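# Summary of the model geometry
Here is how the chains run, residue by residue.
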Amino acid sequence: MDGSQLLVVAIDGPAGSGKSTVARRLAQALEVEYLDTGAMYRAVTFAVLSRGVEPTDDALVADIARSMELTMAADGTVIVDGVDATTQIRGPEVTRAVSTVAANVEVRRELVSRQREWTRRRGGGVLEGRDIGTVVFPDATLKIYLSASPEVRAARRAQEVTDLSYDAVAADLARRDALDAGRQHDPLRRADGAVEVDTSHLTIDEVVALLVAELDGSANA
Ligand code: DC
């Protein structure tokens, strides 16, 4: 499928760069739907752990990704094989194992295909993740790479997870950054032609306004 015929906004960046909030708000502004692709990798990880399968068992993990029923509802609810997993996919067990599952090439193949299908059915959307502009929709209408300093990103995550210290969150973030950017298949990197926005010192409103202006600019180009 060619993303150039649809209104597709691809937002990539590391954890804590503001992707989810910005993507949700931008989708509202554009009156399109929003897809959190990280939640899909988390959903596969949840299904793997619930079945007692080792996240490193590539063949079994890939089978689960291909056969699982996954619903990404517009309100952010994530249903895995009929079970509401919205809260659990954010828990520490899933967070610890998700980078291993996301490094599985067959899992990536399956989820990329589901992400393209999701977008095709809706006639477009705002998608956020690590490989949206590089792999899922290299022809997106607008490609964004959000960044922020490691300290700012850790502080944002520490606010979300109240049961862990700043140091523990910062260490986990650094570990996941290294895994996501250093993996063999589709590592996190800025896509060719992506607009980079450092969100360290910007409010959400400022980032969203900047992206709407970029989109207007690319429509008029
Ligand atoms: O954005 P997040 O922290 O919820 O993402 C969870 C994990 O999934 C993270 O380790 C990176 C990975 N991921 C990925 O490899 N590709 C994507 N498109 C989205 C997330």
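So, here is what we can say about the structure in this document. What you are looking at is a predicted structure, and each value in this text was computed from that prediction instead of being measured.

A sheet is described by the order of its strands in space; here three strands give the open sequence E3-E4-E5, paired in antiparallel fashion. Unpaired on one side and paired on the other, strand E3 (70–72) and strand E5 (83–84) mark the two borders of the sheet. Bridge analysis of E3 against strand E4 (residues 78–80) gives three bridges, and the strand direction is antiparallel. Looking across to E4, one finds that Leu70 is bridged to Val80. Together, E3 and E4 form the strand contacts of helix H2 (residues 37–50), whose direction differs from that of E4 by roughly 30°.

The next subject is the site of the ligand. In the neighbourhood of the ligand, 15 residues make up the surrounding shell, with Thr37, Arg42, Arg108, Asp131 and Arg183 lying closest. Within the side chain of Arg42, an N or O atom sits 2.7 Å from an oxygen atom of the ligand. Take Arg176: an N or O atom from its side chain is 3.1 Å from an oxygen atom of the ligand. Across the complex, the protein chains shield 98% of the 450 Å² of accessible surface that the ligand would expose by itself. Residue assignment for the shell around the ligand shows that the elements contributing at least two residues are H2, helix H4 (92–102) and helix H8 (166–182). It is H2 that provides the largest number of residues to the shell around the ligand, a total of four residues.

Another aspect to go through is the nonpolar core. Grouped together as the largest cluster of nonpolar side chains are 36 residues, with contacts concentrated most on Val44, Leu70, Val78, Val80 and Val107. Of all the secondary-structure elements, those providing two or more residues to this core are strand E1 (7–12), H2, helix H3 (58–67), E3, E4, H4, helix H5 (105–122) and helix H6 (132–136). Residue contributions to this core peak at eight residues, all from H2. By size, the runner-up hydrophobic cluster in this structure holds 16 residues, among which are Val9, Ala27, Val207 and Leu215.

Another aspect to go through is the packing of helix H7 (residues 150–160) against H8. In contact at an axis separation of 9 Å, H7 and H8 are set at 120° when each is read in the N-to-C sense. Compared by their axis directions, H7 and H8 come out oblique. Here H7 and H8 pass one another in a crossing that is right-handed. Contacts between H7 and H8 involve Pro150, Glu151, Arg153, Ala154, Ala155, Arg157 and Ala158 from the first element and Tyr166, Val169, Ala170, Leu173, Arg176 and Asp177 from the second.

Basis of the calculations
Residues numbered from 1 in each chain as written. Predicted model: local features only at pLDDT ≥ 70, side-chain atom pairs only at ≥ 80, totals over all residues. Heavy atoms only, no water. Pairing = 2+ DSSP bridges. Helix = DSSP H or I, 4+ residues; strand = E, 2+ residues; numbered from the N terminus. Contact = heavy atoms within 4.5 Å. Axes fitted to C-alpha atoms, helices over the stretch in contact; angles between N-to-C directions. Near = heavy atom within 4 Å. Polar contact = N/O pair within 3.5 Å; in protein donor to acceptor, adjacent residues only side chain to side chain. Areas by Shrake-Rupley, 256 points an atom, 1.4 Å probe, with all protein chains shown as cover. Core = buried A, V, L, I, M, F, W, Y, C linked by side-chain atoms within 4.5 Å. Buried < 20%, exposed > 50% of the residue type's maximum accessible area, 1.4 Å probe, protein only. Parallel < 35°, antiparallel > 145°, perpendicular 65-115°, else oblique. Left-handed = near helix turned anticlockwise from the far one by under 90°.

The values are spatial; any link to function lies outside them.
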